[in-house]
Amino acid sequence: MVRLGGNQYGKAEIRVVRVARGAAAGGGDVIRDWSVSTSLSGDLADSHLTGDNANVLPTDSQKNRVYALAREMGAVAPEAFALELGSFFVSSQPPITRARVSIEEYGWQPVGGTGYSFARTGDLIRTTTVVRDADLGVSVVSGIKDLVLMNTTASEFWGYPKDPYTTLPETTDRILATAVNASWRFRPSMVAPPGRPADWDGLFAAARTAITETFAQAYSYSLQQMLYALGSAVIKAVPEVCEVRLALPNKHHFIVDLAPFGLENERAVYHADDRPYGLIEGTVLADDAPAAGIAWT
């Protein structure tokens, strides 16, 4: 005997670029460049068991709603867009009880002073995941991917266990480099703040600044210690956040042995080793953090 388990379906990686003409502070254009993915679940068993598609909103329709909503809402923050999109699917399709909307945003920087010329920043990817559940409510998780940071000093690594396979020498001065992947969960009250809409862009900027400034200022004895410092800084800088999850790959840099060439190498020339790499993962929680939000699942 077999039975159907959990299931969902949607449209993945809908590429949409929204240009808001003259919306910038100086009268220039504003660009929102997104990859949007939708995932719907609910009363969908018959589509799997009998082939009855009566409850299956086509993924092409989901894609088209993304484009239409981008036109209707303008160049808004991805959190605001995802909240509205998820609400549409749950409210307009009775069989659908849960909508998950994930957005990756790619940054553009104005150049040349024209108001219409831009260069792709490429320094990170902004992420947003919103889940709207008919029974459990709404959960919002924002974050960043691939923010590459490096400290050329102010990092040590020593005092670790040694076994027959240990070859790594201890160090009191090393390069510390990583690609920060961080997600932060907003408190439920942030979904519908009283009196005014949330400043999602401002909150994102504050979290990003907390990460970069803390990385620059914190002296570390391990990447684990840095992870805790980064998560703590986000929660302190953005009280609306109650939980931060981080994954930090250790981008190893090893000093090159130049002795065979009669050259000294006092912390000057390194080999950047891309793999294998250490991967440090962890969660930092506010003391009063509510139970894990549904956007994590």
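Presented here is an overview of the structure given in this document. (Residues numbered from 1 in each chain as written. Predicted model: local features only at pLDDT ≥ 70, side-chain atom pairs only at ≥ 80, totals over all residues. Heavy atoms only, no water.)

What about the side chain of E79?
As for its placement among the helices and strands, E79 is situated in helix α3 (residues 78–92). The class for E79 is buried, based on a relative accessible area of 0%. Within the structure, E79 has its side chain in polar contact with the side chain of R126 (distance 2.9 Å). Apart from residues lying up to four places away in sequence, E79 is in contact with R126, T128, V130, V140, S142 and W200. (Helix = DSSP H or I, 4+ residues; strand = E, 2+ residues; numbered from the N terminus. Buried < 20%, exposed > 50% of the residue type's maximum accessible area, 1.4 Å probe, protein only. Polar contact = N/O pair within 3.5 Å; in protein donor to acceptor, adjacent residues only side chain to side chain. Contact = heavy atoms within 4.5 Å.)

Observations regarding helix α5 (residues 223–237)
Its 15 residues give α5 an end-to-end C-alpha distance of 21 Å, which sits within 8% of 21 Å, the value for a rise of 1.5 Å per residue. By the burial criterion, the buried members of α5 are L223, M226, L227, L230, G231, A233, V234 and I235. Along its buried surface, α5 packs onto β5 (137–151), β6 (176–186), α4 (200–217), β7 (241–250) and β10 (278–285). (Expected span 1.5 Å × (residues − 1).)

Overview of the nonpolar core
In terms of nonpolar packing, the biggest core is built from 58 residues, with V180, W184 and I211 touching the most fellow members. In contact with W184, other than residues within four places in its own chain, are V140, V141, S142, G143, I144, F204, A207, I211, V234, V241, E243 and V244. (Core = buried A, V, L, I, M, F, W, Y, C linked by side-chain atoms within 4.5 Å.)

Brief notes about the packing of aromatic side chains
As enumerated under the stated definition, the model contains seven aromatic pairs in all. Centroid distance W34 to F81: 4.8 Å. Interplanar angle 55 degrees. Geometry classified as tilted. Taken together, the residues W34 in strand β2 (residues 30–42) and F81 in helix α3 connect sequence positions 47 residues apart. Residue W34 shares its accessibility class with F81, and that shared class is buried. Where Y219 meets Y221, the ring centres are 5.5 Å apart and the plane angle is 55 degrees; that geometry is what we call tilted. Y219 gets classed as partly exposed once you look at its relative accessible area, which sits at 40%. A relative accessible area of 41% means that Y221 is categorised as partly exposed. Among the aromatic residues, those joined into a cluster by ring pairs are W158, Y219 and Y221. (Phe/Tyr/Trp six-rings, centres within 6.5 Å; stacked < 30°, edge-to-face > 60°.)

Concerning the pattern of salt bridges
It is possible for side chains bearing opposite charge to pair when their charged atoms get close. Inspection of the entire model under this criterion finds 18 salt bridges. The shortest N-O distance in the salt bridge between R21 and D29 comes to 3.4 Å. With relative accessibility at 68%, the residue R21 sits in the exposed group. Owing to a relative accessible area of 14%, D29 belongs among the buried residues under this scheme. Each of R32, E79, E105, R126 and D201 takes part in one network of salt bridges that share partners. (Salt bridge = Lys/Arg side-chain N within 4 Å of Asp/Glu carboxyl O.)

Quick look at unusual backbone geometry
Here R275 and P276 are connected by a cis peptide whose omega angle stands at -5 degrees. With respect to the helices, strands and loops of the structure, P276 is situated in the loop between β9 (270–272) and β10. Of note in the backbone geometry, D146 takes a positive phi value of approximately 60 degrees without being a glycine. A positive phi angle is found at R267, which is not glycine, with a value near 55 degrees. Along the chain, R267 turns up in the loop between β8 (253–255) and β9. The class of R267 is partly exposed, set by a relative accessible area of 41%.

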